[in-house]
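A structural walkthrough
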Amino acid sequence: MLRVIEQDTEKLIEKIIENYPEKTKKERKKHLIYNDPECTSSICQIKSNVKSRPGVMTSRGCAYAGSKGVVWGPIKDMIHISHGPVGCGQYSWWSRRNYYTGKTGINAFGAMHITSDFQENDIVFGGDKKLEQLCREIREIFPLAKGISIQCECPVGLIGDDIESVARKMTKELGIPVIPVRCEGFRGISQSLGHHIANDSIRDWVLGKVKGILEKETPYDVLILGDYNIGGEAWSSRKILEEMGLRVIAQIPGDCTLNELTNMPRPKLILVHCYRSTNYIARYLEENFGIPWMEYNFFGPTKIYESMRKIAKRFDDKIVEQTERVIERYKPLMDSVIEQYRPRLEGKRVMLYVGGLRPRHIVGAYEDLGMVVVATGYEFAHRDDYERTYPELPKNSLIYDDPPHYELENFADALKPDLVGSGIKEKYVYHKMGIPFRQMHSWDYSGPYHGFDGFPVFARDMDMAVNNPSWKLIRRKGR
Ligand code: SF4
C-alpha cells in the first residue's frame, strides 16, 4: 500500500535553502529530497557520502569515532589505545552505551580510557617508542587483557609513525595480539570510513592470525553482526534467536570478546543488523568462507515477526515451527503494548536524524504505534542505505543527508513534528523550541529498544516524551 502524507516537501526544501549563498545552495539541494517510495524518478538520487561543507555545523564525527567509538571499542576483553593527544579518547570515554558483562579493569575494559597522551616531544620525535612502552605497561598492569588495539588519532598519520611495525614487534614480545588501526580522523568524510578501516583491520589482523576456540559446530550456529548492545539490545535480540532454536556463537561487537571475533568464519548464517558498519566484513566472509549473510530488523513487532520468519526459513521445519510458537507466545504482550500506547500516539508526526541505520530501521516501530515519520535522514549513509530507505517511508516525506543544524531547525519549525529523534548535539535545541525529543543514539539512557523486551520500553519512552505535561508549560512558537 502506498502511503502518502500531505506536505509540500519540495516547496519546503526550496524555501529553506533559499537563504544559503549560491554555491552552498547548489550543493545542499542535492542532499535533500521528497520521498518517492517506489523510487522510479530521479528525485530518489540523493547525494551522500561526500565531504561536508566547511562551517555549516554538521553533526558528523570522524573515522576515529567510527573505528574506536563504534566497532573496536565494544570488544570488551581488549584494551583499545587512543593513540595521540588526550582529547579524542577523553570525549569518547564511555559515552556510547555498548553494554557488557565483566569486571572492569580486571578482565573487561569497555568503560576505561587508555591513551598515549601525546605531548609536543612525541609530535617532533615520533610516538613509536612511547607506544611500545605503553603496550608493555598495559601487559603488566592488565594481565588478563586478551589483546590490544591501537586506534590512531589525527597526528599519528601526519607525522609518519609506523604503528604496524610496533604492532608486529609487540605481538611477538608480549604474546597477545596487538592490532594497528589506521583510523585517523582526517581520513574519509565521516564515521563511515572508520567502520570500513576497522572491518579491514579485523580481516587482516584477527581472522586467520589469532587462534580462537569454538568447541563444536552445530547446524543452527548463527552470528549477530553489527549489534552494539546499546542499553542491552544485543541481549534482547539474542534471546529471541535462542528461543527460535538457533545457537548464537558470537554477538559482534556489543558485549563481544576477542575469541568471538575469531569465530566469524564459523557460523552457518551471519545476521546483519547494522548493514552500514559491518557489510564489508560480511561480504568478505561470504566471498572467502562461503558463509551467507542476511539483514534483519528487530525494531517493533511487525519487523521482528517478519525478520524471525525470514531467518527461520534459512533453516529446517523444526526451526520454522518453533519460530511460530515464539511469535504466538509474544504476540499477546506486543498487542497489549500497542493497545495501551497507540491511542496516545496515533497520528503523531516524527522527525528523525541519526547515523547510518536507525533513520530507516526504526520507522516500523513508530508505525506499530500509529505514528508517522514525516522526515528522516542520515549523518553518514551511502547510496545503498538510501535505496533501502525510500520504500520504508511515506510518499512526500522529507529525506536529508548530512543536514547542517540550520536546516534541521528550520525544517522542524515548518513541519511541526510532535517528536524529534536525534542525538545529544540536537536534543536541547528542540527542548528549547518546545518540541518533545528523544535521543536515538543513546536511547536517552533507557532501552533496550530491540526485540520483544525492547518494544514495551520504546513505546513507554515515546509516550513519556510526547505526552509529557511539561510541554504545556512552554510557549511553542506558531502553535
Ligand atoms: S578528527 Fe582527529 S582529533 Fe578530532 S576526534 Fe577525530 S581523531 Fe581526534
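Residues numbered from 1 in each chain as written. Predicted model: local features only at pLDDT ≥ 70, side-chain atom pairs only at ≥ 80, totals over all residues. Heavy atoms only, no water.

1. Considerations on the site of the ligand
Close to the ligand lie Cys62, Tyr64, Cys88, Glu153, Cys154 and Gly185. Among the residues forming the shell around the ligand, the class breakdown is four nonpolar, one polar and one charged. (Near = heavy atom within 4 Å. Nonpolar A, V, L, I, M, F, W, Y, C, P; charged D, E, K, R; others polar.)

2. With respect to a nonpolar patch on the surface
A surface patch of nonpolar side chains, about 330 Å² in accessible area, is lined by Ile123, Val124 and Phe125. On the accessibility criterion, Ile123 (35% relative accessible area) is partly exposed. (Patch = residues over 30% accessible without salt bridge, like charges linked within 9 Å, V, L, I, M, F, W, Y side chains within 5 Å. Areas by Shrake-Rupley, 256 points an atom, 1.4 Å probe, with all protein chains shown as cover. Salt bridge = Lys/Arg side-chain N within 4 Å of Asp/Glu carboxyl O. Buried < 20%, exposed > 50% of the residue type's maximum accessible area, 1.4 Å probe, protein only.)

3. Some words on the nonpolar core
Grouped together as the largest cluster of nonpolar side chains are 118 residues, with contacts concentrated most on Trp72, Leu261, Met264, Ile311, Tyr366, Met440 and Phe458. Counting residues per element, this core draws most heavily on helix H14 (residues 317–345), which supplies nine residues. Ignoring sequence-local partners within four residues, the contact set of Leu261 consists of Trp72, Ile75, Ile202, Val206, Leu207, Ile252 and Cys256. Ranked by size, the runner-up nonpolar core spans 21 residues in total, among them Ile5, Tyr20, Leu32 and Val374. (Core = buried A, V, L, I, M, F, W, Y, C linked by side-chain atoms within 4.5 Å. Helix = DSSP H or I, 4+ residues; strand = E, 2+ residues; numbered from the N terminus. Contact = heavy atoms within 4.5 Å.)

4. Some points on the pattern of salt bridges
One pass over the full model with this rule turns up 40 salt bridges. Across the salt bridge formed by Arg203 and Asp200, the nearest N and O atoms sit 3.5 Å from each other. In this pair, Arg203 and Asp200 are both assigned in helix H9 (residues 191–205), three residues apart and thus about one turn of the helix distant. For Asp200, a relative accessible area of 23% corresponds to the partly exposed category. Across the pair Asp461 and Arg438 runs a salt bridge whose closest N-O atoms are separated by 3.1 Å.

5. Digging into the UniProt feature "domain: Nitrogenase/oxidoreductase component" (unreviewed entry) in the chain
Here, the residues flagged by UniProt with the feature "domain: Nitrogenase/oxidoreductase component" (unreviewed entry) are residues 62–466. A helix fraction of 48% and a strand fraction of 15% characterise residues 62–466, whose end C-alpha atoms lie 32 Å from each other. (UniProt positions renumbered as here; feature names shortened; annotations may be inferred.)

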